[in-house]
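Remarks on the overall topology
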Amino acid sequence: MDDLRSNDPASVIAADRAHVWHHLIQHKPFETIDPRIIVEGKGMQVWDIKGREYLDAVSGGVWTVNVGYGRERIADAVRDQLVKMCYFAGASGTIAGAEFAERLVSKMPGLSRVYYANSGSEANEKAFKMVRAISAKHHGGKKSKILYRDRDYHGTTIGALSAGGQQERNARFGPFAPGFIEVPHCLEYRAQWEGPDYGVKAADAIEEVILREGPDEIGALCLEPVTAGGGCIVPPAGYWERVQEICRKYDILLHIDEVVCGLGRTGTWFGYQQFGVEPDLVTMAKGVASGYAAISCCVTTEAVFDAFKDADDPLGHFRDISTFGGCASGPVAALENMKIIEEEGLCENSAAMGEYLMERFRELEAKHQVIGEVRGLGLFAGIELVADRETREPLAEKLVAKVQAEALAEDVMIGAANRSVPGFNNVLLFAPALIATRDDIDRIVAAVDAGLTRAVA
Ligand SMILES: Cc1ncc(COP(=O)(O)O)c(C=O)c1O
C-alpha cells in the first residue's frame, strides 16, 4: 500500500485533501489547488511529491531543521535506541536523557537541571507552572504574575497564548488565563519613545509595568532573545543589561524562550549568550533535535530546582508530567544533533553566514525602495517591507505574499510573518539550516531580489 501510494501522487494528494487538516492555513484554496506534500530532504534541499526541488531557507517551514535534512547518524542512533528502549515515563531516567542533560547544561553555565517535554509550548507551560508553584509555596501566592512582551510568541496552548504578544495568533481563542501581563516590544524601527538609548528606554518600560502592577506580584519575565515570528526583532544595545538589572532589583525570575534561537541559530549555542544575560529558566524545542524527534526542554538553575525539594510537603515537588517527555528518541536525537553542531562548527558557520546574509540583504536594501529595514542575528533574519520609506507604512500583506510566491517560483522557500501582529505581517523571515554555504545564501538573495522586482517594482 505504501509503495503503491508513493508511486501514485494523485492518490496521496486526494487523501490529504480529503482528510488532513493542515496547520496555520486556510483550506478553501485547496478546493482548486493541490496541497503541498514534501517527500524528501537532503542538506538544504527538499523535494515535493511532484518531484520539484526547492532550496529551503526556513529549515522545515518553522526554523527547526538546524543541521539539515538526511542525517543518517541521527536516524541510526534513534533506531538503535528505539529497539532497545523506546519509552519510559519521566519519573524514571534513560541513558540518553542523562547524557544529553549533562551535555546540554555544559553549554549553559549557571543552569543545571533539564525537564523534558515535547513541544515549545509545553516547555513554556512547564516554566509558567514552576513560577506559579514557587509563588504558592514560597511567596504566599504573591509573585504569581508573569510578564511577556508585545510581539513575542510562546506557543499555541491556552496558557502559552495567555503570554502571547501576537494578537492575531490569539484572536478568537480567548478567554485566556489570568495573571499574564504585557510589556512593550523593543523594535526601534517602530519606535514608541523618542531620543537616544532606545534599548534602555524599552527596558525601562518593563520597569514601569512592574511598578504599576506591584513588584511583589511579579514572579517572572518571559522573553524571546530575538523576537522571531513577531518580526525578527534584535533588542537594541543596552536592552538586555537593563532587563537583567530590573529582574535582579525586583527579584523577578528571568525566563528566556529559546525555542527558535536555541542550538546555534543566532551564532552561539543560545540567543541569550549573545547578550551576556543570566537567565533562571530557559526553554527550547525546535533545533534541539532538528526535527528528527520531538523533544523540548525547560532548563533551570539549581535554585529554581531546590524550591521544589521538601519531602514533608506532599504537594511540594513539581507535580507535572509530560507523557511523551519520556520518549527516549528525543534525547538520543538531541545528543547526535549537538555532536554534529560541535563537530561541524555550525554555531560558527551560523555567525559567519549570518553576517554574509545581512551584507547581501543590505545590497538589496540599497536597490529596492520597498525594503524598510533588514534585521537579524546569525542565521535568523528579517526584511521589513514598506509601501513608503518615509512614512514606514507597512507593505500590503497581499504584496508580501506575492514576494514569497515569486521567490518560490525561483524554487526557494522563504517565510513571512503569518497572522501575527495586526497590520504588521510585513516582514519576510529567513532561517536556513546552519549548514548554509555562501552559494546557498547567494541563491536565497537572488530569489528575494527577483521576488521583490516582480511583485513590487
Ligand atoms: C519563540 C517560540 N516559542 C514557542 C513556540 C512554540 O513551539 P511549539 O510549536 O513547538 O509548541 C514557538 C513556535 O513557533 C516559538 O516561535
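Summarised in this report is the structure supplied together with it.

What follows deals with the pattern of salt bridges. Across all of its chains, the model carries 37 salt bridges by this definition. Of the charged contacts in the structure, one is a salt bridge between D34 and K50, with a shortest N-O distance of 2.7 Å. Here D34, found in the loop between α2 (9-19) and β1 (38-42), pairs with K50, found in the loop between β2 (45-48) and β3 (53-56); they are 16 residues apart in sequence, far enough to count as distant. Exposure remark for K50: the relative accessible area of 57% places this residue in the exposed category. For D306, the salt bridge identified is with K309, shortest N-O distance 3.1 Å. For D306, a relative accessible area of 35% puts it in the partly exposed group.

Taken together, S119, G120, S121, N124, Y153, H154, G155, E224, D257, V259, V260 and K286 form the complete shell of residues around the ligand. One of the side-chain N or O atoms of S121 is found 2.4 Å from an oxygen atom in the ligand. In this structure, Y153 approaches the ligand through a main-chain N or O atom, which is 3.4 Å from a nitrogen atom. Coverage of the ligand by the protein chains reaches 82% of its 390 Å² of free accessible surface.

Attention shifts here to the sheet that holds strand β4 (residues 113-117). With mixed pairing, seven strands are arranged side by side in an open sheet as β4-β10-β9-β8-β7-β5-β6. Bordering the open sheet on either side are β4 and β6 (180-183), each of which pairs with just one other strand. Between one strand and the next, the sheet's axes are offset by a mean angle of 20 degrees, whatever the strand orientation. One ladder, built from three bridges, connects strand β8 (residues 253-257) with strand β9 (residues 281-284); its direction is parallel. Counterpart to D257 in the pairing with β9 is T283. The sheet contacts of helix α9 (residues 198-213) involve β5 (145-149), β6 and β7 (218-223), and relative to β6 the element is tilted by about 145 degrees.

With that settled, consider the environment of K398. Mapped onto the secondary structure, K398 falls in helix α14 (residues 397-409). For K398, a relative accessible area of 74% gives the class exposed. For the pair K398 and E194, spaced 204 residues apart in the sequence, the C-alpha separation amounts to 31 Å.

A separate point is unusual backbone geometry. Of note, the bond from G174 into P175 is cis; its omega dihedral lies within 30 degrees of zero at 5 degrees. Tracing the sequence through the fold places P175 in the loop between α8 (167-170) and β6. Unlike most non-glycine residues, S59 shows phi in positive territory, near 45 degrees. Positionally, S59 belongs in helix α3 (residues 59-63). For S59, a relative accessible area of 2% puts it in the buried group.

Conventions we followed
Residues numbered from 1 in each chain as written. Predicted model: local features only at pLDDT ≥ 70, side-chain atom pairs only at ≥ 80, totals over all residues. Heavy atoms only, no water. Salt bridge = Lys/Arg side-chain N within 4 Å of Asp/Glu carboxyl O. Helix = DSSP H or I, 4+ residues; strand = E, 2+ residues; numbered from the N terminus. Buried < 20%, exposed > 50% of the residue type's maximum accessible area, 1.4 Å probe, protein only. Near = heavy atom within 4 Å. Polar contact = N/O pair within 3.5 Å; in protein donor to acceptor, adjacent residues only side chain to side chain. Areas by Shrake-Rupley, 256 points an atom, 1.4 Å probe, with all protein chains shown as cover. Pairing = 2+ DSSP bridges. Axes fitted to C-alpha atoms, helices over the stretch in contact; angles between N-to-C directions. Contact = heavy atoms within 4.5 Å.

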